[in-house]
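Residue-level listing of the chains:
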Amino acid sequence: MWVKDILDKGTAALREARVDSPRLDAEVLLSHVLRCERVMLLKEPERRLSDSESAFFMSLVARRAAAEPIAYLTGKKEFMGLVFNVSPAVLIPRPETELLVETAAALLSGIARPVIADVGTGSGAIAVSLAFLAPGARVFAVDADPAALTVAEDNAVKHGVADRVTFAVGDLLEPLRGQVAVFDLVAANLPYIPSAAMEALPPEVRREPTAALDGGPDGLLFYRRLVPEVKRLLKRGGRLLAEIDPGQARAMSALFQAGTWSVEFRADLSGRTRVVTARLLGPQAGDETATEAGSA
Ligand SMILES: C[S@@+](CC[C@H](N)C(=O)[O-])C[C@H]1O[C@@H](n2cnc3c(N)ncnc32)[C@H](O)[C@@H]1O
């Protein structure tokens, strides 16, 4: 079969399955099968596919039509201009998380050798991007799921930062508990979807690991545990950056003790609050709360 014919066939099948962008998805899948850039499909519409290539392509189309995310089918997702390996063990990195990485990189730009932690690293999207953007950085990346860490480790090797990123399996900051007042920045994109909203997620999002999405009754289960724990690991003036749902800004703000933290929010280009930036304040004369925070 020719490229143009099989593309039409795949597009029609995806359209019938009500996939949002049938032509684009068919092109992405075919370029994956043929290991070429998408533009080559347009340049060589009369290239002939072998029977096995055609069969492989149509099997991917069938899986896509059954709501499997395209990134799981190709095993790749671009994030911060880098191509990350992904598997069903990890959340597919989202464009909105780039705001967290950009904010972190800007805050770290004046620090020659920043020490960073990424809690709930998944594919390593945040940890690896920050190591890539800040060549002097030392990064510690934690995830509760060993299968996710295998993917993250591959990504650190792929992007040439493996010598500066240390991976550890464990619950939140538990693997880092000995590193008191060490970190300039802790990044966290922990599960924040309220449990009751999980059922209503689009079918392809439900293909992603529940443990990467479900944030408990109000979505803040993990952040509620993280905020008090992170204090002792941050240097004074160090920051916690966390991704949230825009509707959680007020509840998230309430997790940070006034006088101990200075809290700001960052919105994406459409004005939706997506990142909380909390700076651990240093002790001020006569300020017991701040003194306690600094030495806790
Ligand atoms: C929303 S995903 C974020 C993945 C990645 N950081 C990103 O931004 O694409 C949350 C990640 O947190 C991990 N996780 C969930 N509960 C955890 C816990 N108690 N301790 C550490 N990691 C946890 C999940 O396994 C998942 O990889």
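Cut-offs used in this document
Residues numbered from 1 in each chain as written. Predicted model: local features only at pLDDT ≥ 70, side-chain atom pairs only at ≥ 80, totals over all residues. Helix = DSSP H or I, 4+ residues; strand = E, 2+ residues; numbered from the N terminus. Buried ≥ 20, exposed ≤ 12 C-beta atoms within 10 Å, placed from the backbone. Contact = placed C-beta atoms within 7 Å. Core = buried A, V, L, I, M, F, W, Y, C linked by C-beta atoms within 7 Å. Domains from an automatic or database assignment. Pairing = 2+ DSSP bridges. Axes fitted to C-alpha atoms, helices over the stretch in contact; angles between N-to-C directions. Near = placed C-beta within 6 Å. Nonpolar A, V, L, I, M, F, W, Y, C, P; charged D, E, K, R; others polar.

> What is the right way to read the overall build of the chain from this model?
Helix and strand counts for the chain stand at eleven helices and nine strands. Over its C-alpha atoms, taken along the principal directions, the chain stretches across nearly 80 × 40 × 35 Å. Split into buried and exposed, the 296 residues of the chain put 40% on the buried side. The long-range share in the chain, meaning contacts at least 24 apart out of those at least 6 apart in sequence, stands at 66%.

> In this structure, what is going on with the nonpolar core? I would like to understand it.
Across soluble globular proteins, you tend to see nonpolar side chains buried next to one another. Leu130, Ala131 and Val186 are the most contacted members of the largest nonpolar core, which totals 82 residues. With seven residues, the single largest contributor to this core is helix H7 (residues 125-133). When residues of this core are sorted by domain, at least three fall in each of domain 1 (3-66) and domain 2 (76-295).

> Sorry, what's going on with the domain arrangement of the chain here?
Accessible area lost during the coming together of the parts is what is often quoted as the interface size. Split by domain assignment, the chain resolves into domain 1 (3-66) and domain 2 (76-295). The gap between the C-alpha centroids of domain 1 and domain 2 is 36 Å.

> Would you take a moment to explain the sheet that holds strand S9 (residues 273-280) for this structure?
Two strands in a sheet stick together by hydrogen bonds in their backbones, pointing the same way (parallel) or opposite ways (antiparallel). Pairing within the open sheet is mixed, and its seven strands lie in the order S5-S4-S3-S6-S7-S9-S8. With partners counted over all chains shown, the strands left at the sheet margins are strand S5 (165-169) and strand S8 (261-267), one partner each. Each neighbouring strand pair of the sheet contributes to a mean axis angle of 15°, computed without reference to strand direction. Bridge analysis of strand S4 (residues 138-143) against S5 gives five bridges, and the strand direction is parallel. For Ala141, the partnering residue across the bridge sits in S5 and is Phe167. Of the strands in this sheet, strand S3 (115-119), S4, S5 and strand S6 (183-188) touch H7, which is tilted by about 175° from S4.

> How should I be thinking about the site of the ligand in this particular structure?
If you check the shell around the ligand, you find 24 residues, and the closest are Gly120, Gly122, Ala144, Asn189 and Ala212. Among the elements of the structure, H7 and S4 are those that each provide at least two residues to the shell around the ligand. Residue composition of the shell around the ligand, grouped by class: 15 nonpolar, six polar and three charged.

> I'm lost on unusual backbone geometry in this one. Help?
Negative phi is the rule for most residues except glycine; trans is the rule for most peptide bonds. Not every positive phi belongs to a glycine, and Arg18 is a case in point at roughly 60°. You can see Arg18 is positioned in the loop between helix H1 (3-16) and helix H2 (22-34). Given 9 C-beta atoms within 10 Å, Arg18 falls into the exposed group.

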